[in-house]
Structure formats: structure tokens, C-alpha cells
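This is what each chain is made of:
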Amino acid sequence: MDEILRVSNLTKRFGGLKAIVNLSFSIKKNSITAVIGPNGAGKTTLFNLISGLIRPDGGKIEVKDKIINELKSYNIPELGVARTFQNLGIFSNMNVLDNVMVGQNIHFKSGLLQNAFNTKSYRREEEKFRKKAIEWLEFMGIENIKDKKLSEIPFEKQRLVEITRALASEPEILLLDEPAAGLNITETRSLIRTIKKIREKGITILLVEHDMDMVMDVSDWIIVLNFGEKIAEGTPEQIQHNQEVIKIYLGTTF
Ligand SMILES: Nc1ncnc2c1ncn2[C@@H]1O[C@H](COP(=O)(O)OP(=O)(O)O)[C@@H](O)[C@H]1O
Ligand SMILES: [Mg+2]
């Protein structure tokens, strides 16, 4: 079986509002899948559910053979799901390298106490993770700015730092929430190449994105949400010709 993620009959309500309604789909290992839909369709809520930030009211999310919504929240990172946020989730007065190392925290074996006394084993571990973080920065092409504060670097690079941090947790599944938001055409093209390169590392990618050129270029599979419901799914070719999708995106050119 080559499915890595399966969502079945998922439901999430906020008060009287149904943000996700009886949603089911599955994701193939090492694929790139885009979740699209108008504002308020439930895309970010879906990511929040898959990353375990919020709990569903009904249904199931399975990563490999584990059911996410039955796990304690502190066990969820160990499933290998990492994410970026629609609004940047980075620390602006920390430098780039430290921001990336925050992503590795779940793998630190030394406890808080050893950390506090800065023991040898802690320092050895930290050195190992620093090397690994630098490797990821090199992979993303931003190793040269590792000592810069986040507030000193351009927005595009801040986005890349956030992705690097997610990668530094060595995920099997990477969730990207609107990674191209705020980027210009050149920066978006470069991001598309980066996302394809990440997939070549064997990582499965799920992304929410409004930039249709990017979605159509990068995705193997597209899931379309509207008012929390799945109204279509298919290849980019199939989605571009789906009448219901065209209706909700009327006026948008694919
Ligand atoms: N924490 C929350 N509390 C109340 N309503 C929320 C919350 N998060 C999202 N919603 C509502 O759920 C719906 C889906 O939101 P969201 O998942 O952010 O949509 P999208 O990311 O597709 O734009 C919207 O109507 C939104 O207002
Ligand atoms: Mg959103």
C-alpha cells in the first residue's frame, strides 16, 4: 500500500459553523497534492487537524497506520508531519540558524535538566543537529545568511527559513500553507523548483495555495474544497476541466 495519509469522514465545527464536513481522501507516498478552494473553504483548518493542532469532532486521520486523533499531542511530531504557517511562524529577533534548530527540538534526547546544565552529552547532540541544520540550509540555498537575524532578511528568504525549519524536523510529510503568498513571479518560480527538489528527497508534500499557475505546475493531484466539503479531486488536467470547479473559480484563469 503506497498511501501515507488517509482522512476519513472528517468533521470540524466552530460553534454552529461547519469548517470541515464529512471529508475523505487519501494521499500517496512521495506525491505533491494541492488543496485549493475559496477563502473560508476550510483549508487551514484541515492543515490544523492533520498537524494535530486542533482535534476533529468526527472522523479519522491516519498517518501510515497510526490514527492521529487518538494520539496525545506530544506524540504527534514523531509521526513525521511538519508544517509551515499561512502567516509566518518564525522568530524575528533570532538568527536564521537558530530558527532552523527550533525545528529539530523534537529529536533532542537530552532532557531539560541536562540542557540547563549544558552537559557534554547535550553539547555533543547540539553540535550534531547544528551540522544537520546547516546541511538543510545548504539544500535550500540560504546557508550564506545563517547568522542573519530574521528581521534583517527579505520576506522571500524568511519563507524559505520557515520551510527549512520544517525540513529540519526530518518529516515524511510536509504541509505548506500558502508558501507563495507575498512572493513575486520570479520568487514563485524558484519556490516551485525547491518544492520539486524536496519531493525528490522522498518527502510527501501537501500544500494549500492560491497561485493557480503554481498549483497546476507542481501538483500530481488536486483536492478542491468549498464550504468545508470536497467538491472535486483529480489531476491538474481533470480539475481544469471540471465544471463545478470552474463555476466556483469563475473569472479565474487556470
Ligand atoms: N478558530 C476558529 N474559530 C472559529 N471559526 C474558525 C476558526 N478557524 C477557522 N474558522 C472558520 O472556519 C472556516 C474555514 O476557515 P479556514 O480553514 O481558515 O479557511 P481557508 O484556509 O480555506 O481560508 C471559516 O469560515 C473560518 O472563519
Ligand atoms: Mg487559510
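Everything numeric in this text was worked out from a predicted model, so none of it was measured. (Residues numbered from 1 in each chain as written. Chains lettered and ligands numbered in written order. Predicted model: local features only at pLDDT ≥ 70, side-chain atom pairs only at ≥ 80, totals over all residues.)

(A) Structural detail: the overall build of the protein. Each helix and strand in the protein was counted, giving nine helices and ten strands. Its C-alpha atoms give the protein a radius of gyration of 19 Å, near enough to 18 Å, the size a compact globule of 254 residues would have. Over its C-alpha atoms, taken along the principal directions, the protein stretches across nearly 60 × 40 × 35 Å. For the protein, buried positions account for 36% of its 254 residues. (Helix = DSSP H or I, 4+ residues; strand = E, 2+ residues; numbered from the N terminus. Rg over C-alpha atoms; globule rule 2.2 N^0.38 Å. Buried ≥ 20, exposed ≤ 12 C-beta atoms within 10 Å, placed from the backbone.)

(B) Geometry of the sheet that holds strand β9 (residues 221-226). Strand order in the open sheet formed by six strands is β6-β7-β8-β3-β9-β10, with mixed pairing between adjacent strands. Pairing within the sheet leaves two strands with one partner each, and these edge strands are β6 (81-83) and β10 (229-234). Going across the sheet, the axis of each strand differs from the next one's by a mean of 20°, ignoring polarity. Pairing of β9 with β10 involves five bridges; the strand directions are antiparallel. For L225, the partnering residue across the bridge sits in β10 and is K230. On top of the sheet, helix α1 (residues 43-50) reaches β3 (32-36), β6, β7 (173-177), β8 (204-208) and β9; it is set at about 150° to β7, its chief contact. Across the sheet, helix α6 (residues 185-200) touches β3, β7 and β8, and the angle it forms with β8 is around 150°. (Pairing = 2+ DSSP bridges. Axes fitted to C-alpha atoms, helices over the stretch in contact; angles between N-to-C directions. Contact = placed C-beta atoms within 7 Å.)

(C) The arrangement of the sheet that holds strand β5 (residues 66-67) in detail. As summarised here, the arrangement of the four strands in space is β2-β1-β4-β5, forming an open sheet in which the pairing is antiparallel. The open sheet has two free edges, formed respectively by β2 (17-28) and β5, since each of these has just one partner strand. Direction of pairing for strand β1 (residues 3-14) relative to strand β4 (residues 58-63): antiparallel, over a ladder of five bridges. Note on β4: the bridge partner recorded for T11 is G58. Together, β1, β2 and β4 form the strand contacts of α1, whose direction differs from that of β2 by roughly 65°.

(D) Representation of the site of ligand 1. In the vicinity of ligand 1, the residues found are F14, L17, A19, G37, N39, G40, A41, G42, K43, T44 and T45. Listed by contribution, the elements that provide at least two residues to the shell around ligand 1 are β2 and α1. Top contributing element to the shell around ligand 1 by residue count: α1, with three residues. Class assignment for the residues of the shell around ligand 1 results in four nonpolar, six polar and one charged. (Near = placed C-beta within 6 Å. Nonpolar A, V, L, I, M, F, W, Y, C, P; charged D, E, K, R; others polar.)

(E) Representation of the domain arrangement of the protein within the structure. One can read the domain layout of the protein as domain 1 (1-80 + 171-254) and domain 2 (88-170). At the level of secondary structure, the elements contributing two or more residues to the side of domain 1 that touches domain 2 comprise β7 and α6. With three residues, the top contributor of residues to the side of domain 1 that touches domain 2 is α6. (Domains from an automatic or database assignment.)

(F) Local environment of the environment of R6. Here R6 is to be found in strand β1. Residue contacts for R6: discarding those within four places in its chain leaves S26 and E62.

(G) Here's a closer look at α6. Across its 16 residues, α6 extends 23 Å between first and last C-alpha, which sits within 8% of the 22 Å expected from 1.5 Å per residue. Along α6, the residues that are buried comprise L191, I195 and I198. One face of α6 carries all of its buried residues, which in axial projection span an arc of 60°. Across α6 from its buried face, at more than 90 degrees, point the exposed residues I185, T186, R193 and E200. (Expected span 1.5 Å × (residues − 1). Arc of directions from axis to C-beta.)

(H) Representation of the packing of helix α4 (residues 120-139) against helix α5 (residues 155-168) within the structure. Closest axis-to-axis distance for the α4/α5 pair is 10 Å, and the angle between their directions is 135°. The orientation of α4 with respect to α5, classified from their angle, is oblique. Considering only the axes of α4 and α5, their crossing is right-handed. Between α4 and α5, the contacting residues are K132, A133, W136 and L137 on the first element and T164, L167 and A168 on the second. Looking at the contact of α4 with α5 residue by residue, the class counts come to five nonpolar, one polar and one charged. (Parallel < 35°, antiparallel > 145°, perpendicular 65-115°, else oblique. Left-handed = near helix turned anticlockwise from the far one by under 90°.)

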